[in-house]
Protein chains: 2
Amino acid sequence: MEIVEKDGRPTVSTAHAGHCQASIKNVSDALYVIGGKWKLSIIVALADSDKRFTEIQRQVEGISARVLSSELKDLELTGFIYKKITVDPVLIEYGLAPYSRSLEQVVRSLSEWGSQHRDKLKTDALQ
Amino acid sequence: MEIVEKDGRPTVSTAHAGHCQASIKNVSDALYVIGGKWKLSIIVALADSDKRFTEIQRQVEGISARVLSSELKDLELTGFIYKKITVDPVLIEYGLAPYSRSLEQVVRSLSEWGSQHRDKLKTDALQ
């Protein structure tokens, strides 16, 4: 979707209007897989190193053990993370699978927007 | 977040590791505002032109009138869309407010990823 200015309001250029239906489907498919409240945060939490369950829970504030457990299972099944079990000492860690790299642009754009939006709210509150 | 290859697995470069916590907060704030199942789809549906309630409902497949009504109210309150009421003939339409343009990169990256992910699922299914 390319949003341009037309008659003083944002709109997509006519050439792109036909893509809207496809775009809705793509965005809604993406949010179905990685939307939700926690999945992307968990992926970001694993971005700097493999982590144990409790380490992830500490980093992703507010997530319960039950929900984290279920989210990790989902993320493993969809190929975004892997579970690594070592025996001596017994250690279970989670890490990013190669497919998580496909989300780089999504994470970056959401992170930038989240930061900008927070700044905007602060500015609006001061006006 | 910049994901790079290290020891054969995706990871963020050490220089960026410190940004993870901030990135988690940004992504989670963004998803809090525009995550959900419908909001971005509604914004994409309005991208080519202002639309009436029933037109939006037709385009955003599967949304109920009750949920669409509530989502439109939310989007209006957060400044992403406006409601335009004309009197003669009586016509209520919704359109994109200028702030929706800030979501361009988010929508584009999600749309591209959704499309790529669907292709991947098809390829995986054939293997």
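About the thresholds
Residues numbered from 1 in each chain as written. Chains lettered and ligands numbered in written order. Predicted model: local features only at pLDDT ≥ 70, side-chain atom pairs only at ≥ 80, totals over all residues. Heavy atoms only, no water. Salt bridge = Lys/Arg side-chain N within 4 Å of Asp/Glu carboxyl O. Helix = DSSP H or I, 4+ residues; strand = E, 2+ residues; numbered from the N terminus. Buried < 20%, exposed > 50% of the residue type's maximum accessible area, 1.4 Å probe, protein only. Contact = heavy atoms within 4.5 Å. Polar contact = N/O pair within 3.5 Å; in protein donor to acceptor, adjacent residues only side chain to side chain. Expected span 1.5 Å × (residues − 1). Domains from an automatic or database assignment. Buried area = accessible area lost by both parts, 1.4 Å probe. Nonpolar A, V, L, I, M, F, W, Y, C, P; charged D, E, K, R; others polar. Phe/Tyr/Trp six-rings, centres within 6.5 Å; stacked < 30°, edge-to-face > 60°. Lys NZ or Arg CZ within 6 Å of the ring centre and 35° of its normal. Arc of directions from axis to C-beta. Least-squares fit on C-alpha atoms with pLDDT ≥ 70 in both. UniProt positions renumbered as here; feature names shortened; annotations may be inferred.

## A look at the pattern of salt bridges
Taken as a whole and judged by the stated rule, the model has 20 salt bridges over all chains. Residue Lys84 of chain A is joined to Asp50 of chain A by a salt bridge in which the shortest nitrogen-to-oxygen separation is 3.1 Å. Of this pair, Lys84 of chain A sits in strand E3 (residues 81-86) while Asp50 of chain A sits in the loop between helix H3 (39-45) and helix H4 (53-59), and the two are 34 residues apart along the sequence. Asp124 of chain B is paired through a salt bridge with Lys120 of chain B; the nearest N and O atoms lie 2.9 Å apart. You can see Asp124 of chain B and its partner Lys120 of chain B sitting in helix H6 (residues 104-126), 4 residues apart, about one turn around the helix.

## Describing the environment of Lys84 of chain B
Residues and elements named next belong to chain B. Classification of Lys84 as partly exposed rests on a relative accessible area of 33%. Along the chain, Lys84 and Ala65 lie 19 residues apart, while their C-alpha atoms are 19 Å from each other. Non-local contacts of Lys84, meaning those with residues more than four positions away in its chain, are made with Asp50, Leu91, Ile92 and Glu93. A polar atom in the side chain of Lys84 sits 3.1 Å from the side chain of Asp50.

## Re helix H6 (residues 104-126) of chain A
The terminal C-alpha atoms of H6 of chain A lie 34 Å apart, and with 23 residues this matches the ideal 33 Å at 1.5 Å per residue to within 8%. All of the buried residues along H6 of chain A are Glu104, Val106, Val107, Ser109, Leu110, Ser111, Trp113, Gly114 and His117 of chain A.

## Concerning the environment of Arg66 of chain A
Here Arg66 of chain A is to be found in helix H5 (residues 65-77). The spatial distance from the C-alpha of Arg66 of chain A to the C-alpha of Val27 of chain A is 28 Å, given a sequence separation of 39 residues.

## Side note on the domain arrangement of chain A
Residue and element names in this part refer to chain A. Split by domain assignment, chain A resolves into domain 1 (1-34) and domain 2 (35-126). Facing 4 residues of domain 1, the contacting portion of domain 2 comprises 7 residues. Regarding the contact of domain 1 and domain 2, the summed buried area is about 420 Å², with carbon and sulfur atoms giving 69% of it. In this assembly, domain 1 and domain 2 are joined by 0 salt bridges. Run the count over domain 1 and domain 2 and you get 1 residue pair in polar contact (both at pLDDT 80 or more). Among the residues forming the side of domain 1 that touches domain 2, the class breakdown is 4 nonpolar, no polar and no charged.

## Focus: the packing of aromatic side chains
The relation between two aromatic rings is expressed through the spacing of the ring centres and the mutual angle of the planes. This structure, assessed with the given rule, holds 6 aromatic pairs over all chains. Between Phe80 of chain B and Tyr99 of chain B, the aromatic rings sit 5.4 Å apart at their centres with planes inclined by 15°, giving stacked as the arrangement. Note that Phe80 of chain B is positioned in the loop between helix H5 (65-77) and strand E3 (81-86) and Tyr99 of chain B in the loop between strand E4 (91-96) and H6, a separation of 19 residues in sequence. Among the residues examined, Tyr99 of chain B registers a relative accessible area of 17% and is labelled buried. Ring-pair connections join several aromatic residues into one group, and the members of that group are Phe80 and Tyr99 of chain A together with Trp113 of chain B. The ring of Tyr99 of chain B carries the charged tip of Lys120 of chain A above its face, separated from the ring centre by 4.3 Å.

## A short note on H5 of chain B
Given 3.6 residues to a turn, an α-helix orients residues that are three or four positions apart in the same direction. Residues and elements named next belong to chain B. The end-to-end C-alpha distance of H5, which contains 13 residues, comes to 18 Å, matching closely the 18 Å that a straight helix rising 1.5 Å per residue would cover. All of the buried residues along H5 are Leu68, Glu71, Leu72 and Leu75. Axial view of H5: buried residues confined to an arc of 105°, hence all on one face. More than 90 degrees from the buried face of H5, the exposed residues found are Arg66, Lys73 and Leu77. Buried positions along H5 lie against helix H3 (39-45), helix H4 (53-59), E3 and E4.

## Some thoughts on the relation of the copies chain A and chain B
The two copies are related by a screw operation: chain A maps onto chain B through 180° of rotation and 0.0 Å of translation along the axis, at an RMSD of 0.0 Å. Look at the turn and shift together and you get a two-fold axis relating the two.

## Some details on the UniProt feature "domain: HTH hxlR-type" (unreviewed entry) in chain A
UniProt marks residues 20-122 of chain A with the feature "domain: HTH hxlR-type" (unreviewed entry), using the numbering shown here. Annotated as 59% helix and 12% strand, the span residues 20-122 of chain A places its first and last C-alpha atoms 32 Å apart.

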